[in-house]
Amino acid sequence: MKRVFSGVQPTGNIHIGNYLGALKQFVELQNDQECLYCIVDLHSITLPQDPKELRSHTLDVAALYWAVGIDPKKSIIFVQSDVPGHSELAWILTCNAYTGELSRMTQFKDKSRGQESAPAGLFTYPILMAADILLYDTDIVPVGNDQKQHIELCRDIAIRVNNKHKGTFTVPDGRFLKEGARVMALDEPDKKMSKSAENAFSRISLLDDDNKIKKSIMRATTDSDGIIKYNPSEKSGISNLLTIYSAFTGVSIESLEKKYDGCGYGDFKKDLVEAAVTALKPIREQFNEIRHSQELIDALKNGAERANAISEKTMKRVKENFGLGI
């Protein structure tokens, strides 16, 4: 089997864009691949975090992994900072990366825009991401297209090191997630849905109650012509809602267009509310059942032990090839 690695930051509630665009595919991959799914808490501290909130959000994400269908018996679920190899390998990779290639990372440019000086961790963030991947001899990295540049950097560093020290790293391939479930903001459908957006009704989080889900969908931006047709360039709002409806129900967008031909946006949105509530309620119930359980803590400890066992083999090889240690 191929080995898969991916991770989610423990900052804020996971929304349906994360779920439909990534987590559902994580669940599918675990059935025929060896999967490691990490809560990347070290990445989150590139910006200031309240310690208690960070720990709470870390457990939230772990519970949501489980609630959406990632099985800790099939996949390794663990917290990044519980495996020392991530930080150790990141330093070695930092010594084999260049400031020029890091300064070209578009996400760093976006996040540091308007600042005379940015946190060094924000600048070296892609190196820690590369360490996350290379630490486990990862074959496949399922990510969105916005992470393509980071995957390319990871591959470049791995190849660079392998040219000096043959056989040090497995060079991973990115599996860029299907665009069919690319979910946009409900209030500004030309932008991706974001958990950091000021307008809480621009997104639907997996833990939102039924009333919040209803309000978010009923307030969602559409247009004035009243025609339910998929056309992202001209009808981005209704196209986004069709994407969400299709992803939740498994009904094709073409079939939805036919079903709602001649109907108004109001009726369409009411049915979408029902579809979203039906899909998310079991996730919320499962989350509430396991979030404060000892079973979740035990699963994360077991996951960290399994991840450490893999990472220690990689670090032994890396250190030998670099001449580190005695």
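Structure: see above.
A.B. asks: Is there a simple way to explain helix H10 (residues 236-249) in this structure?
C.D. replies: Residues separated by three or four positions in an α-helix point in the same direction, a consequence of the helix having 3.6 residues per turn. Relative to the 20 Å expected for 14 residues at 1.5 Å per residue, H10 spans 20 Å between its end C-alpha atoms, a close match to the ideal helical length. Every buried residue belonging to H10 is among Gly237, Ile238, Ser239, Asn240, Leu241, Leu242, Thr243, Ile244, Tyr245, Ser246, Ala247 and Phe248, and all of these are buried. Against the buried residues of H10 lie helix H1 (16-29), helix H11 (253-259) and helix H12 (265-290). Phi turns positive one or two residues past the end of H10, at Gly250, with a value near 80°.

A.B. asks: What is the right way to read the nonpolar core from this model?
C.D. replies: If you look at the biggest cluster of nonpolar residues, it comprises 59 residues, and the most contacted ones within it are Ile16, Tyr65 and Phe268. The biggest single contributor to this core is H12, with 11 residues. If sequence neighbours within four positions are ignored, Ile16 has contacts with Gly21, Val183, Met193, Ile204, Leu206, Ile244, Phe248 and Leu280. Counting residues in hydrophobic clusters, the runner-up holds 39 residues, among them Leu135, Ile157, Ala158 and Val161.

A.B. asks: What should I look at first to understand the layout of surface pockets in this one?
C.D. replies: Quantified by volume, the largest pocket comes out at close to 1700 Å³. Looking at the largest pocket, it is lined by 48 residues, and the ones nearest its centre are Asn18, Gln107, Asp146, Gln147 and Lys192. Looking at the lining of the largest pocket, the element that brings in the most residues is H1, giving 6 residues. By residue class, the composition of the lining of the largest pocket is 20 nonpolar, 19 polar and 9 charged. What lines the second largest pocket is simply Asp41, Pro51, Leu54, Arg55, Thr58, Leu59, Val79, Ser81, Asp82, Ile297, Leu300 and Lys301. Taken together, the elements giving at least two residues each to the lining of the second largest pocket come down to helix H3 (51-68) and helix H13 (294-322). In terms of residues, the lining of the second largest pocket owes the most to one element, H3, which gives 5 residues. Among the residues forming the lining of the second largest pocket, the class breakdown is 6 nonpolar, 2 polar and 4 charged.

A.B. asks: Looking at this structure, how should I read the environment of Ile253?
C.D. replies: Looking at where Ile253 falls in the secondary structure, it is placed in helix H11. The spatial distance from the C-alpha of Ile253 to the C-alpha of Glu88 is 47 Å, given a sequence separation of 165 residues. Apart from the residues within four sequence positions on either side, Ile253 is in contact with Tyr230, Leu242, Thr243 and Ser246.

A.B. asks: Help me out: how do you make sense of the side chain of His43 in this one?
C.D. replies: With respect to the element layout, His43 can be found in helix H2 (residues 41-44). Owing to a relative accessible area of 2%, His43 belongs among the buried residues under this scheme. Contacts of His43, omitting those with residues within four sequence positions, involve Gln9, Gln80, Tyr125, Leu128, Met129 and Asp132.

Here is what the cut-offs are and how they apply
Starting from 1, residues in each chain are numbered consecutively following that chain's sequence as written. It should be noted that, the model being predicted, local features are given only for residues of pLDDT at least 70 and side-chain atom pairs only at 80 or more, the latter also being counted only at that level, while totals for whole chains, interfaces and linings use all residues. Each side-chain value is worked out from all heavy atoms of the structure, with water and hydrogens disregarded. Secondary structure elements are defined from DSSP: runs of H or I of at least 4 residues count as helices, runs of E of at least 2 residues count as strands, and each element is numbered from the N terminus. By this rule, a helix spans an expected 1.5 Å times one less than how many residues it contains. To sort residues, take the accessible area from a 1.4 Å probe on protein chains only and compare it with the maximum for the residue type: under 20% means buried, over 50% means exposed, and anything in between is partly exposed. Here a residue-residue contact requires only that any non-hydrogen atoms of the pair lie within 4.5 Å. What makes a nonpolar core is a set of buried Ala, Val, Leu, Ile, Met, Phe, Trp, Tyr and Cys residues whose side-chain atoms join them at distances within 4.5 Å. Put plainly, a pocket is an open set of points on a 1 Å grid over the protein atoms alone with protein on both sides within 12 Å along at least five of seven lines, a cavity is a set where a 1.4 Å probe fits but cannot get out, and a lining residue has an atom within 4 Å of a point. Grid points are joined across faces, edges and corners, and a volume is the space filled by probe spheres set on the points. Each residue gets one label: Ala, Val, Leu, Ile, Met, Phe, Trp, Tyr, Cys and Pro are nonpolar, Asp, Glu, Lys and Arg are charged, and the others, such as Gly, are polar.

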